[in-house]
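Descriptive analysis of the structure
Residue strings, one per chain:
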Amino acid sequence: MKYDLSKIMHKAWRLFRKLEISFAECLHRAWESAKAEPVNAERIAQAKAEAGITEETNTWSGWNQLDYEVCHGSKALFGVDLIYASKGDGVTYKARFFGTSQVRPLVHQ
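1. With respect to the pattern of salt bridges
Should their charged atoms come close, side chains of opposite charge can pair. Scanning all chains against the criterion turns up three salt bridges. Linking lysine 7 and glutamate 37 is a salt bridge whose minimum nitrogen-to-oxygen distance equals 3.3 Å. Of the two residues, lysine 7 sits in helix H1 (residues 5–18) while glutamate 37 sits in helix H2 (residues 23–51), which places them 30 residues apart along the sequence. Classification of glutamate 37 by relative accessible area gives partly exposed; the value is 40%. When the shortest N-O distance is used, the salt bridge between arginine 104 and glutamate 69 registers 2.8 Å. With arginine 104 in strand S5 (residues 103–105) and glutamate 69 in strand S2 (residues 68–70), the pair connects residues that are 35 residues apart, well separated along the chain. Overall, glutamate 69 belongs to the partly exposed group, its relative accessible area being 28%.

2. Here's the deal with the nonpolar core
Core analysis: the biggest nonpolar cluster contains seven residues, these being Ala47, Ile53, Phe78, Val80, Leu82, Ala95 and Phe97. Sorting the residues of this core by element identifies strand S3 (78–84) and strand S4 (91–99) as the ones contributing at least two each. The leading source of residues in this core is S3, at three residues. Other than its neighbours up to four places away in sequence, phenylalanine 97 contacts Ile44, Thr57, Asn58, Thr59, Ala76, Leu77, Phe78, Val80 and Leu82.

3. Describing the environment of cysteine 71
By the element assignment, cysteine 71 lies in the loop between S2 and S3. Judged by its relative accessible area of 22%, cysteine 71 is partly exposed. Sequence-wise, cysteine 71 and proline 105 are 34 residues apart; in three dimensions their C-alpha atoms are separated by 9.8 Å. With near-sequence residues (within four places) excluded, cysteine 71 lies in contact with Gln102, Val103 and Arg104.

Conventions used here
Residues numbered from 1 in each chain as written. Predicted model: local features only at pLDDT ≥ 70, side-chain atom pairs only at ≥ 80, totals over all residues. Heavy atoms only, no water. Salt bridge = Lys/Arg side-chain N within 4 Å of Asp/Glu carboxyl O. Helix = DSSP H or I, 4+ residues; strand = E, 2+ residues; numbered from the N terminus. Buried < 20%, exposed > 50% of the residue type's maximum accessible area, 1.4 Å probe, protein only. Core = buried A, V, L, I, M, F, W, Y, C linked by side-chain atoms within 4.5 Å. Contact = heavy atoms within 4.5 Å.

This is how it looks when you write it as structure tokens:
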């Protein structure tokens, strides 16, 4: 497996500037995060297939970053345990995914 070394270094520097920990620890966390990405992608694909979902999906924050909001009252189509490696402890968290049919463009005022 090939890793994007530039992306890993950028993440390490972002963590270093954000957190008050050594750069070595930030680099370790950035590598752990890079190693977790393919595992997380596989878990998402598997959970999406098991749920029978064919539309594009994303998390609430993922849609928000794309300038969409999840409609009030929408229930997640599926959830999956993902590795949160940026904290350096390999803890998993439950991510909830919403489909394109459950979002609308954000209105900027």
